[in-house]
Amino acid sequence: MPDDQQLLESWRRGDEDAGEQLFEHYYEGLARFFRSKAGDGAADLIQRTFLILLETKSRMREGTSFHCYLYGIARNVLYEHYRGKRRDGERFQPDENSVEDLGPTPTTLLAQAQETRLLLQALRHIPLESQLILELYYWEQMTAKEIADVLEVPEGTARTRIRRAKQLLEAQLAALADTPQLLQSTVTDLDSWAQHLRTALKPR
């Protein structure tokens with residue numbers, strides 16, 4: 001079986017079946033990635049990501065997996081999307097602006113546990129770069145090294161950013177929780193609630 005890099009090279013040479021295999025394999029993860037941050041705009045951003053993946057001539061850096069390479073493109077597509085939405089003179093700063101600051105179509109999670117809704121709300125209140133880091137960490141099970149590859153920073157820097165993102169998330173959970181009991185329930189089983197949210201954002 002060809003690996004993802006080989007499928008990509010075949011797709012760029014015109015093999016539509018290879019492209020279809022990559023799309024089917026990574027669609028769900030990209031849909032989740034964009035839906036939590038761009039709401040109903042997710043479909044267009046997924047298409048844009050795969051188009052850039054097909055058209056770009058750049059090769060993956062040595063030691064970088066296809067998975068990280070793809071999410072690096074998705075990150076750039078997301079940031080370009082928000083740059084385009086800013087008014088004249090307004091700067092887009094992903095290490096400062098949150099999804100709530102940027103005001104996309106909200107993602108609704110009907111009939112979900114309170115902890116799941118609280119977690120999504122808290123993620124949307126931390127800086128976009130921190131939200132992205134935590135979603136890669138919890139939902140895609142990326143290591144610090146893989147997140148470093150997506151962000152194109154040293155691994156030590158990625159580890160620092162992961163720790164900082166967790167601190168920001170905990171602060172927002174504390175600020176947004178309706179009761180101490182809800183906060184305690186969410187924080188003490190954060191990994192589990194992150195997986196619940198991952199499932200809730202699965203495309204239908």
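Residues numbered from 1 in each chain as written. Predicted model: local features only at pLDDT ≥ 70, side-chain atom pairs only at ≥ 80, totals over all residues. Heavy atoms only, no water.

If you look the protein up in an unreviewed UniProt entry, it shows as Sigma-70 family RNA polymerase sigma factor from Nannocystis punicea. Database annotation for the protein, UniProt heading Sequence similarities (unreviewed entry): "Belongs to the sigma-70 factor family. ECF subfamily." (UniProt positions renumbered as here; feature names shortened; annotations may be inferred.)

1. A look at the overall build of the protein
Counting its secondary structure elements, the protein contains eleven helices and zero strands. Mapped from its N terminus to its C terminus, the protein presents α and β elements in the order α-α-α-α-α-α-α-α-α-α-α. On C-alpha atoms alone, the protein measures out to a radius of gyration of 17 Å, which is about the 17 Å that the 2.2 N^0.38 rule sets for 204 residues. Its C-alpha atoms give the protein principal-axis dimensions of about 55 × 45 × 35 Å. Every one of the 204 residues in the protein was classed for burial, and the buried ones make up 47%. Look at the contacts in the protein between residues 6 or more apart in sequence, and 68% of them connect residues 24 or more apart. Carbon and sulfur atoms provide 45% of the accessible area of the protein, an area that totals close to 10,800 Å². If the 26 positive side-chain charges of the protein are averaged to one point and the 32 negative ones to another, these points end up 3 Å apart. (Helix = DSSP H or I, 4+ residues; strand = E, 2+ residues; numbered from the N terminus. Rg over C-alpha atoms; globule rule 2.2 N^0.38 Å. Buried < 20%, exposed > 50% of the residue type's maximum accessible area, 1.4 Å probe, protein only. Contact = heavy atoms within 4.5 Å. Areas by Shrake-Rupley, 256 points an atom, 1.4 Å probe, with all protein chains shown as cover. Lys, Arg positive; Asp, Glu negative; His and termini not counted. Charge placed at Lys NZ, Arg CZ, Asp CG, Glu CD.)

2. Regarding the confidence of the model for the protein
Here the protein averages 88 in pLDDT, and 91% of its residues register 70 or above. Across the protein, the secondary-structure element scoring lowest on mean pLDDT is helix α5 (residues 99–102), at 83, and the one scoring highest is helix α9 (residues 155–176), at 97. (pLDDT = per-residue confidence, 0-100.)

3. Looking at helix α11 (residues 190–200)
Within α11, the full set of buried residues consists of Leu-190, Trp-193, Ala-194, Leu-197 and Ala-200. For α11, the angular spread of the buried residues around the axis is 115°, confining them to a single face. When the buried face of α11 is taken as reference, the exposed residues oriented beyond 90 degrees from it are Asp-191 and Thr-199. Of the surrounding elements, those touching the buried residues of α11 are α2 (16–38), α6 (114–123), α7 (128–138), α9 and α10 (180–188). (Arc of directions from axis to C-beta.)

4. Structural notes on the layout of surface pockets
The volume enclosed by the second largest pocket comes to roughly 160 Å³. For the second largest pocket, the full set of lining residues is Pro-94, Asp-95, Pro-127, Glu-129, Ser-130, Ile-133, Arg-161, Arg-164 and Leu-168. Of all the secondary-structure elements, those providing two or more residues to the lining of the second largest pocket are α7 and α9. Here the residues of the lining of the second largest pocket sort into four nonpolar, one polar and four charged. (1 Å grid on protein atoms, 1.4 Å probe; cavity = no way out; pocket = protein on both sides within 12 Å on 5 of 7 lines; lining within 4 Å. Points joined across faces, edges and corners; volume = space filled by probe spheres on them. Nonpolar A, V, L, I, M, F, W, Y, C, P; charged D, E, K, R; others polar.)

5. Concerning the environment of Thr-199
Note that Thr-199 resides in helix α11. Thr-199 sits in the exposed class, given a relative accessible area of 53%. Along the chain, Thr-199 and Glu-16 lie 183 residues apart, while their C-alpha atoms are 29 Å from each other.

6. Looking at the UniProt feature "domain: RNA polymerase sigma factor 70 region 4 type" (unreviewed entry) in the protein
Sequence positions flagged by UniProt for "domain: RNA polymerase sigma factor 70 region 4 type" (unreviewed entry) are, in local numbering, residues 117–169. Here residues 117–169 is 77% helix and 0% strand, with 14 Å between the C-alpha atoms at its ends.

7. What to know about the side chain of Asp-4
The residue Asp-4 is located in helix α1 (residues 4–12) in this model. Here Asp-4 sits buried without a salt bridge, and the closest side chain of opposite charge, Arg-12, lies 13 Å off (N-O distance). At a separation of 2.4 Å, a polar atom in the side chain of Asp-4 contacts the side chain of Tyr-26. The residues contacting Asp-4, other than those within four sequence positions of it, are Leu-22, His-25, Tyr-26 and Phe-66. (Salt bridge = Lys/Arg side-chain N within 4 Å of Asp/Glu carboxyl O. Polar contact = N/O pair within 3.5 Å; in protein donor to acceptor, adjacent residues only side chain to side chain.)

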